Amino acid sequence: IFLDEIGDIPMAAQTNLLRVLQEGEVTRVGESKPRKVDVRVIAATNKNLESEVGNGNFRSDLLYRIRVARIMLPPLRNRREDIPLLAKRFMERCRVMTGNEVSDISQEALLALHAYDWPGNVRELNSAIEFATMRCKGSTLPEQLLPPEILNQSTSIRVPLPTNGGEQERIMSALDRSGGNRTAAARLLGMSRATFYRRLQEFGISRGQSD
């Protein structure tokens, strides 16, 4: 079972959840006898649960119960290389729900998605793709159908996406635009820092410096 935004559940629900995790039992509404359950719990939150415990908003015993294997997922703006895959996935899901035949996304639209800062993270990307897909009449999603907050961004930070040809030139262009800042250049290209540094080594590029 996936529990999203577990840091927002009220104290009463936290108490009930703790009992379920400890006893492996639930009592259905309208019943008096508990039932055994065997589930794996995955929880997600955008809050610092330790701080929430300190503020009295989250039970410490529940925190210690759920804090076993942990995955720290960076915000979308720090892993822009995931945007094309996520956009395609959201587009496929929207196509199934609406029957729309959109199956691809234009290079210009991808550039716009890469350049945006995504304050709403992956949920905002999902909504943006749904917004554009529902309005699209063809098979390829064009840039002009993206939400206005994405279209209104400055185009000066866009750099062509890496392809099989000319990637070295694009990397050099990104370094030029970022004033030699490798971290900023990686962001312009929609690459992770690890991928960008690997590309620098592959092409033998020594210019630029990290921040």
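Residues numbered from 1 in each chain as written. Predicted model: local features only at pLDDT ≥ 70, side-chain atom pairs only at ≥ 80, totals over all residues. Heavy atoms only, no water.

Draft legend 1. Examining the overall build of the chain more closely. A count of helices and strands for the chain gives ten helices and six strands. Relative to its full complement of 211 residues, the chain shows a buried share of 34%. For the chain, long-range pairs separated by at least 24 residues make up 63% of all intrachain contacts whose partners lie at least 6 apart in sequence. Carbon and sulfur atoms make up 50% of the accessible area of the chain, which amounts to about 12900 Å² in all. (Helix = DSSP H or I, 4+ residues; strand = E, 2+ residues; numbered from the N terminus. Buried < 20%, exposed > 50% of the residue type's maximum accessible area, 1.4 Å probe, protein only. Contact = heavy atoms within 4.5 Å. Areas by Shrake-Rupley, 256 points an atom, 1.4 Å probe, with all protein chains shown as cover.)

Draft legend 2. Seen up close, the nonpolar core. Core analysis: the largest hydrophobic core is formed by 22 residues, its most contacted members being I105, L113, W118, I129, L141 and I150. Mapped by element, the contributors of at least two residues to this core are α4 (83-98), α5 (107-115) and α6 (121-135). Those residues within four positions of W118 in sequence are excluded, and the remaining contacts are L76, R77, I83, L113, E124, L125, A128 and I150. A174, A186, L189 and I205 belong to the second largest nonpolar core, which has ten residues in total. (Core = buried A, V, L, I, M, F, W, Y, C linked by side-chain atoms within 4.5 Å.)

Draft legend 3. Up close: the environment of Q168. Tracing the backbone shows Q168 in helix α8 (residues 167-177). Distance from Q168 to E202, taken between C-alpha atoms, is 9.6 Å for residues 34 residues apart in sequence. Excluding residues that lie within four positions of it along the chain, Q168 makes contacts with F203 and I205.

Draft legend 4. Local environment of the environment of R80. By the element assignment, R80 lies in the loop between α3 (60-66) and α4. Within the structure, the side chain of R80 is placed 3.0 Å from the backbone oxygen of R77, a separation counted as a polar contact. Separated by 3.0 Å, the side chains of R80 and D117 make a polar contact. (Polar contact = N/O pair within 3.5 Å; in protein donor to acceptor, adjacent residues only side chain to side chain.)

Draft legend 5. Structural context of the packing of aromatic side chains. Going through the model one piece at a time under the given rule, you end up with one aromatic pair. Measuring from ring centre to ring centre gives 4.7 Å for Y116 and W118, while their planes differ by 90°; the resulting arrangement is edge-to-face. Classification of Y116 as buried rests on a relative accessible area of 11%. On the basis of relative accessibility, which here comes to 0%, the residue W118 falls in the buried class. Across from the ring centre of Y197, 5.6 Å away, lies the NZ or CZ of R182, which sits over that ring. (Phe/Tyr/Trp six-rings, centres within 6.5 Å; stacked < 30°, edge-to-face > 60°. Lys NZ or Arg CZ within 6 Å of the ring centre and 35° of its normal.)

Draft legend 6. The arrangement of α4 in detail. For α4, built from 16 residues, the straight-helix expectation of 22 Å at 1.5 Å per residue is met to within 8% by its first-to-last C-alpha distance of 22 Å. Among the residues of α4, I83, A87, F90, M91 and C94 are the ones counted as buried. Along the axis of α4, the buried positions cluster into a sector of 105°, meaning they face one direction only. Facing away from the buried side of α4 by over 90 degrees, the exposed positions are L85 and V96. Buried residues belonging to α4 abut β5 (104-105), α5, α6 and β6 (140-141). At the C-terminal side of α4, G99 shows a positive phi close to 80°. (Expected span 1.5 Å × (residues − 1). Arc of directions from axis to C-beta.)

Draft legend 7. Spatial organisation of a nonpolar patch on the surface. A cluster of nonpolar side chains, contributed by I1, V37 and V39, occupies part of the molecular surface with about 260 Å² of accessible area. On the secondary structure map, V37 appears in the loop between β3 (35-36) and β4 (42-43). The class for V37 is partly exposed, based on a relative accessible area of 32%. (Patch = residues over 30% accessible without salt bridge, like charges linked within 9 Å, V, L, I, M, F, W, Y side chains within 5 Å. Salt bridge = Lys/Arg side-chain N within 4 Å of Asp/Glu carboxyl O.)

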